[in-house]
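The chain contents come next:
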Amino acid sequence: MIEQILAELNNPSDLFCDTLDNGYIQMELVYFPELCDQTQIKDGLIIPYSYCFHPEEFERLINTNPNFGLANQPEYWTQLLLNGTLLFKIEDTVFRFYVQRKFQDKPDTVQIEASLQGPQTALTEDLDLNISLIRMRYNVPSLSVEQHIIGDHSKTRISVLYDKNLINKEVLDLLNERINNVQIRTLRAAGQLLQALSGKRHRLFPIILQTERPDRIAIMLERGKVALLQDGSRFGLLLPVRLIDFLHAMDDDYESYWMSKFLLILRYFAMLLTITLPALYIAIVSYNPEVLRVQLTLSIAGSRVVVPYPSFIEVFIMLFMIEALNEASLRLPRYIGSTATTVGGLILGQAIQQAGLVSSIMIIVTSVVAISNFVIPNNGFGYSVRFIKYIFVIVSIFYGLLGVVVSFFALIVYWCNLRSFGQPYLAFYIPKLEAKAHHYRKGTK
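Note that the coordinates shown come from a computational prediction; the quantities given were computed from them, not determined experimentally.

Reading guide: rules and limits
Residues numbered from 1 in each chain as written. Predicted model: local features only at pLDDT ≥ 70, side-chain atom pairs only at ≥ 80, totals over all residues. Heavy atoms only, no water. Helix = DSSP H or I, 4+ residues; strand = E, 2+ residues; numbered from the N terminus. Rg over C-alpha atoms; globule rule 2.2 N^0.38 Å. Buried < 20%, exposed > 50% of the residue type's maximum accessible area, 1.4 Å probe, protein only. Pairing = 2+ DSSP bridges. Axes fitted to C-alpha atoms, helices over the stretch in contact; angles between N-to-C directions. Patch = residues over 30% accessible without salt bridge, like charges linked within 9 Å, V, L, I, M, F, W, Y side chains within 5 Å. Areas by Shrake-Rupley, 256 points an atom, 1.4 Å probe, with all protein chains shown as cover. Salt bridge = Lys/Arg side-chain N within 4 Å of Asp/Glu carboxyl O. Lys, Arg positive; Asp, Glu negative; His and termini not counted. Charge placed at Lys NZ, Arg CZ, Asp CG, Glu CD.

Draft legend 1. Layout of the overall build of the protein. Secondary structure assignment for the protein yields 16 helices and 14 strands. For 445 residues, the compact-globule formula gives about 22 Å, and the C-alpha radius of gyration of the protein, at 29 Å, lies well above that figure. Seen through its principal axes, the protein has C-alpha atoms that stretch 100 × 55 × 40 Å. Residue burial in the protein is summarised as follows: out of 445 residues, 44% are buried.

Draft legend 2. The sheet that holds strand β11 (residues 226-230), seen in detail. Within the open sheet, the five strands sit side by side as β8-β9-β11-β12-β10. Their pairing is antiparallel. Among the strands making up the open sheet, the edge pair consists of β8 (143-150) and β10 (209-211). The sheet shows a mean angle of 25 degrees between the axes of neighbouring strands, direction not considered. In this sheet, β11 lies alongside strand β9 (residues 156-163) in antiparallel orientation, the contact comprising four bridges. Following the sheet pairing, Ser 159 is matched in β11 by Leu 229.

Draft legend 3. Up close: the pairing of strand β1 (residues 16-21). Sheet topology places β1 next to strand β2 (residues 26-31); six bridges connect them, and they run antiparallel. Residue pairing in the sheet places Phe 16 in a bridge with Tyr 31 of β2. Taking the residues that link successive antiparallel strands as the turn, the β1-β2 hairpin has four residues, and the phi of Gly 23 there is positive, at about 95 degrees.

Draft legend 4. Broad picture of a negative patch on the surface. Together, Glu 56, Glu 59, Glu 91 and Asp 92 make up a region of like negative charge exposed at the surface. Along the chain, Glu 91 falls in the loop between β4 (85-90) and β5 (93-98). Residue class for Glu 91 comes out exposed when judged on its relative accessible area of 64%.

This is the structure:
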C-alpha cells in the first residue's frame, strides 16, 4: 500500500508513512500530518492499538467507531489522504480513519453585513460548523441537507439546504441541473460558484444573493428559498431572489414596522439617485435647463462659468475620483484606509473645485451619488448599480433628458424580463409561495 501511494503522489516529503508493531499485529500507517488532527489519531487509533492484545479486540474497536471504515478501492486512496483521512493496513485489509483537521471551532463575527440590533454571528470557512449555525436558527424536521462535490482538483464539498415543505420543485430541479453541469477545476470561493450557477455571464444584475449571515439564511429558508454553503468559504448563496431581497437589511426585521418600511423606501430612493443623478445633471445643464426654476438654473450656470469643459467631462472626472477612492479604501491596509481616503477626498474635492476644473454643484452631485450607493446593503447589487449609472451618463450625453427617461423605462423592462431560477425578478409579492409559507407556519404552531 505504501509503495503504491508514494508512487502516485510522487514521494512527497510531508507524507507520514510508518509500520507499527504491538507484538501481536502489524499496521501500516499513512497520512498527511498537516491535514489530520493529531489528537484524534493518538486517542482514537494509536493508544487503542498499543493496548489491544488480540486482533479480534482491535477489530471490534474499529467496527464500533463511525469514523472508521473500509478502504478497499485503491484508486481512491490518494484522494482520501488529500481530504484529511488516515489510511492504515492490517494484514490484507485497508481501513480509513476520518480525522480531518478543523481550523475553526467557533463562529466568526460579521464584517460586511453589520447589524445594530440583530445577532453578530457570521458564517465560517468550516462547512460543518456553518450547517450547525443554520440548524440552530432553523431547527425543523423538514430541513433537508444535500451534499455535492464540485471541482475536478479541489473536490470541494457543497451543501444545499432547503425546507422540503416550502421549496419550489422546479427551482430545485433547475439548481441540481446547473450544479451537475458546473465545470471548475479548483473551487476557491463562493463567488466562483455564484458565477457558475448564474447561467449567462453578461447579466447586469445578480440573480443569486451572497450573504455571510446565518440569520438571513434562516429567514430565507422560511420563505421557501434554497441556500448553498461551501466548504472553505464564509459566504452562503441564496436563490431564487427578487429585487427587494437585495435592498433588504437584517435590521428591517428587528425594527418597528413603520421604521423598517421607511428605511426600505430610503434605499429605493438612494438607488434611484445613484443611477440617474449624474445623467440628470448632464441632461439639464447641456440640453434641458428649462426644467428647473430660473434661480436654480442661474446658480448652476454661475458655478460653471470658470469650468472650461462640457458637463459630461466634469462628470467623468468626479466619478473617476470616487471610483478610485473606493478602490483605494479596499486595497489599503485597514488601519489607514479610511483615514487616507477621507483626507484624499476632502483635499482633492476642494482643490479641484478651486482650480476651476469642476463646479461646486458637481461636488454636491458626486457626494450624493457616493453616499446613496453606500446605502444599498448588498455589495454585489451595489456594484451593478454603480455600473448601470455609466450607461445612463453615456445616453444623456447624446439624448439629454429624453434619453434618461427612456433608459429608465428600459431598465424597468429589463428587470421585468429577468428571472432568478425561473422566478420573476421584479415581483414584490408571490401569492402561491407566500400562502404556502403562511399555511406551513400556522400548521407548525
